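Inside the fold
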Amino acid sequence: MQFSEGRRSYLAHRILDVLKREGLVVVENERQALAEIKRVFEREEQLDAQVDALVRKKISSLSRPVPVGSREWQVLYRQYYEQEMRRRRR
């Protein structure tokens with residue numbers, strides 16, 4: 001899922017507010033902290049796009065065609081996606 005810059009900014013501010021309010025972080029440079037949170041969102045979006053492309057390619061390369069959007073396709077997509085994310089996050 002991709003967020004607009006405005007949405008990333010909003011979410012970064014909310015995350016930082018919660019972390020500070022709960023006493024989980026002490027922030028010396030708020031601007032730097034917000035930038036790092038946004039970078040994490042961007043890395044996750046890139047990872048998601050890479051895994052999505054790989055999973056779609058894997059499904060399309062099966063010996064028999066699986067119609068995009070079918071129940072079987074959705075099950076395979078979810079299964080392959082979760083496997084690939086587990087593999088990449090080790």
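Let me sum up the structure you'll find in this document. Model, not experiment: these values are computed from the prediction.

The number of helices and strands found in the protein is three helices and zero strands. Reading the protein from its N terminus to its C terminus gives the helix and strand order α-α-α. Computed over its C-alpha atoms, the radius of gyration of the protein comes to 18 Å, more than 25% above the 12 Å expected for a compact globule of 90 residues. Buried residues in the protein amount to 23% of all 90 residues. At a minimum sequence separation of 6, the contacts of the protein that also span at least 24 residues come to 52%. With the model as given, the accessible surface of the protein reaches about 7000 Å², and the carbon-plus-sulfur share is 51%. With 20 positive and 14 negative side-chain charges, the protein shows a spacing of 5 Å between the two charge centroids.

Under the criterion given, the structure shown has 13 salt bridges. A salt bridge links R8 to E5, with the shortest nitrogen-to-oxygen separation between them at 3.3 Å. Of this pair, R8 and E5 both sit in helix α1 (residues 5-21), three residues apart, which is roughly one turn of that helix. Across the salt bridge formed by R88 and E84, the nearest N and O atoms sit 2.7 Å from each other. In this pair, R88 and E84 are both assigned in helix α3 (residues 71-88), four residues apart and thus about one turn of the helix distant. Among the ionic contacts, a cluster of salt bridges with common partners joins E5, R8, K38, E42 and E45.

So, how was this worked out
- The numbers attached to residues start from 1 for each chain and follow its sequence in the written order.
- Per-residue local features of the predicted model are confined to residues with pLDDT of at least 70, and side-chain atom pairs are confined, for both listing and counting, to 80 or more; whole-chain, interface and lining totals are unaffected and use all residues.
- Hydrogens and water are ignored here; the side-chain numbers use all heavy atoms of the structure.
- Working definition: helices are DSSP H or I runs of at least four residues, strands are E runs of at least two. Numbering for both runs from the N terminus.
- All radius of gyration figures rest on C-alpha atoms, and the globule criterion is 2.2 Å times the number of residues raised to 0.38.
- When a residue's accessible area, from a 1.4 Å probe over protein chains only, is under 20% of the maximum for its type it is buried; when over 50% it is exposed; and in between it is partly exposed.
- Contacts were defined at the residue level, with two residues in contact if any of their heavy atoms lie within 4.5 Å.
- Working definition of accessibility: Shrake-Rupley area with a 1.4 Å probe, residue cover restricted to the visible protein chains.
- Only four residue types enter the tally: Lys and Arg on the positive side, Asp and Glu on the negative side; His and the chain ends are excluded.
- Charge placement uses NZ in Lys and CZ in Arg. For Asp and Glu, CG and CD serve respectively.
- Throughout this description, the term salt bridge denotes a Lys or Arg side-chain nitrogen within 4 Å of a carboxyl oxygen of Asp or Glu.

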